[in-house]
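The primary structure of each chain is shown beneath.
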Amino acid sequence: TGGWTRTGKVPIPSKILLDSYNRIIQSFQYYPSMTVRSPRGLHIYYLLNQPMHNENLKKLAAHKIGDFPVEYKPTPNTTLRVPVRKWILDPSTLKRLYPGTNDAIDWPSLPIYSIKDLFGSNYRSILRNLNFPKTSPSKNTKKPSPSLSSTYTINILSKIEREVLPFTAGNTNDQMLKYISACKYCNLTLNQTIDKVELAFINSPNYKGSLQDNPDAIERRVLQFYGLNNKSPIPTVIPPQLGNGFEQLVYSHPFRKQRTKGIRKYLTALIKWKTLQDTIFESKSQLYFMDDMYPFYIINRQKGLYPLPSILQEKWNKNYNTLLPWLKETGILKESPFPYSSTLHICKYYEINIPGIL
């Protein structure tokens, strides 16, 4: 980070950016395999000749270079996306390495390093100390800031990236809203989100719109979407008051008396769930999240249907399967005519109707 200044048409790295870059090189004692310019900073890549568990590599990198954000790619769930040649710089001079060309990268010519090269021959001992510290952390230890390298963040963002990238003219607003919403959902900071979006545009060579090579416009657009999406993707809702009608429904069940408490818990959770889904349906950005979590969510919600995944119902009542025939017979639940698939992670959808309450 730190940005660029310009001398004519030639971008010059700021002192902050140059100092940060030199600090990383001095820490590793090797130039990167590849250095890529972004509108707000640099992305540097060290290619490894051996695999290592994502979490272990992340810990070693943090130990070596501090709080610089680190990503490990590719993984079983993610690919390595790099821009066209015009963004690639000479690691030693930070000048454009391939001026005027958009050809593919010559991967075999890039230097490759071992784990020992970058982290030292004693990296296993360092890793053991990082994984099993001798002293327990203080209770007052601050919660770590959002990290681009956390497994949860990588999985969520990689899923969204596969769906919406690269950006294409004519569909950019929807793609950006979905991508930015995912960044917020993963608790990335505003600056981290801007960096991710700018890099996504760099990796979208076929995009020819107004945001191409325009970091200021990209930042304004991100800020605009951030304003539209300044609430939690999954809002907190207050369910309707449950009175005598609800209690009458609970006690009308045909099961043993001992099950009344569990049935009350299930029906209460069902009401809260429906109220939550109705709230989400009013927010376009929140709909994107739910459509990712539950395939065909939007089209089903438009038909008045609600997702009821089995794993969720099991939390409400471990014997929920025995309740379903009664709930369907009384009309509380009406199963969707559309098929579901556990292998494709498509859950069942239902109409939910609780007379006098919902």
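The structure contained in this document is the topic of the report that follows. These numbers were taken from a predicted model, which means no experiment stands behind them. (Residues numbered from 1 in each chain as written. Predicted model: local features only at pLDDT ≥ 70, side-chain atom pairs only at ≥ 80, totals over all residues. Heavy atoms only, no water.)

**A short note on the nonpolar core**
One finds Tyr-266, Leu-267, Leu-270, Trp-316, Leu-327 and Leu-333 to be the most contacted residues of the largest nonpolar core, which totals 33 residues. It is helix H10 (residues 260–280) that provides the largest number of residues to this core, a total of 9 residues. Setting aside residues up to four positions removed in sequence, Trp-316 forms contacts with Gly-262, Lys-265, Tyr-266, Ala-269, Leu-270, Trp-273 and Leu-308. (Core = buried A, V, L, I, M, F, W, Y, C linked by side-chain atoms within 4.5 Å. Buried < 20%, exposed > 50% of the residue type's maximum accessible area, 1.4 Å probe, protein only. Helix = DSSP H or I, 4+ residues; strand = E, 2+ residues; numbered from the N terminus. Contact = heavy atoms within 4.5 Å.)

**Side note on the packing of aromatic side chains**
Applying the stated criterion across every chain yields a total of 10 aromatic pairs. Here the aromatic rings of Phe-28 and Phe-119 are separated by 5.7 Å at their centres, their planes lie at 80 degrees, and the arrangement is edge-to-face. Of the two residues, Phe-28 sits in helix H1 (residues 15–28) while Phe-119 sits in helix H3 (residues 115–119), which places them 91 residues apart along the sequence. The class for Phe-28 is buried, based on a relative accessible area of 6%. (Phe/Tyr/Trp six-rings, centres within 6.5 Å; stacked < 30°, edge-to-face > 60°.)

**Considerations on the pairing of strand E3 (residues 34–38)**
Of all 5 residues in E3, 5 are buried; the element is thus mostly enclosed. Along E3, one buried face is formed by Met-34, Val-36 and Ser-38 and the opposite face, lined by Thr-35 and Arg-37, is buried too. Bridge analysis of E3 against strand E4 (residues 41–45) gives 5 bridges, and the strand direction is antiparallel. Residue pairing across strands places Ser-38 opposite Gly-41, the latter belonging to E4. Joining the antiparallel neighbours E3 and E4 is a turn of 2 residues. Where E3 meets strand E6 (residues 88–89), 2 bridges bridge the pair, whose relative direction is antiparallel. Paired with Thr-35 across the strands is Leu-89, a residue of E6. (Pairing = 2+ DSSP bridges.)

**With respect to the side chain of Glu-198**
Mapped onto the fold, Glu-198 is located in helix H7 (residues 190–202). We classify Glu-198 as buried; its relative accessible area is 1%. With near-sequence residues (within four places) excluded, Glu-198 lies in contact with Pro-39, Arg-40, Pro-215 and Ile-218.

**Some remarks on the sheet that holds E3**
The 3 strands are arranged E4-E3-E6 in an open sheet whose pairing can be described as antiparallel. Only two strands of the sheet have a single neighbouring strand rather than two, namely E4 and E6. Across the face of the sheet, H1 comes into contact with E3 and E4 while running at roughly 15 degrees to E4. (Axes fitted to C-alpha atoms, helices over the stretch in contact; angles between N-to-C directions.)

**Digging into the sheet that holds strand E10 (residues 349–352)**
Hydrogen bonds along the backbone pair up the strands of a sheet, which may run parallel or antiparallel. Within the open sheet, the 3 strands sit side by side as E8-E10-E9. Their pairing is antiparallel. Of all strands in the sheet, those bounded by a partner on one side alone are strand E8 (306–307) and strand E9 (333–335). Taken strand by strand, helix H14 (residues 320–329) contacts E9 and E10, and its axis lies near 95 degrees from that of E9.

**Section: the pairing of E10**
Direction of pairing for E8 relative to E10: antiparallel, over a ladder of 2 bridges. When the bridges of E10 are listed, Pro-307 appears paired with Tyr-349. The pairing of E9 with E10 spans 3 bridges and is antiparallel. Bridge assignment links Lys-334 to a residue of E10, and that residue is Glu-351.

**Structural notes on the environment of Tyr-294**
In this structure, Tyr-294 sits in the loop between helix H11 (284–293) and helix H12 (297–302). Given the relative accessible area of 14%, Tyr-294 is considered buried.

**Side note on unusual backbone geometry**
Cis rather than trans, the peptide bond between Leu-165 and Pro-166 has omega equal to 0 degrees. Among the structural elements, Pro-166 can be located in the loop between helix H5 (151–164) and helix H6 (172–185). Positive phi is not limited to glycine here, since Gln-29 has a value of about 65 degrees. Here Gln-29 is to be found in the loop between H1 and E3. Notably, Leu-94 is not glycine yet its phi reads approximately 60 degrees, a positive angle. Structurally, Leu-94 is set in the loop between E6 and strand E7 (112–113).

**Comments concerning the pattern of salt bridges**
Scanning the entire structure with this criterion turns up 9 salt bridges. Put simply, Glu-335 and Lys-328 hold a salt bridge, and the shortest N to O gap is 2.9 Å. Classification of Glu-335 by relative accessible area gives partly exposed; the value is 33%. Exposure remark for Lys-328: the relative accessible area of 35% places this residue in the partly exposed category. Among the salt bridges present, the one from Lys-348 reaches Glu-335, with a minimum N-O distance of 3.6 Å. Note that Lys-348 is positioned in the loop between E9 and E10 and Glu-335 in strand E9, a separation of 13 residues in sequence. Here the salt bridges do not stand alone but share partners, grouping Lys-159, Glu-163 and Lys-178 into one network. (Salt bridge = Lys/Arg side-chain N within 4 Å of Asp/Glu carboxyl O.)

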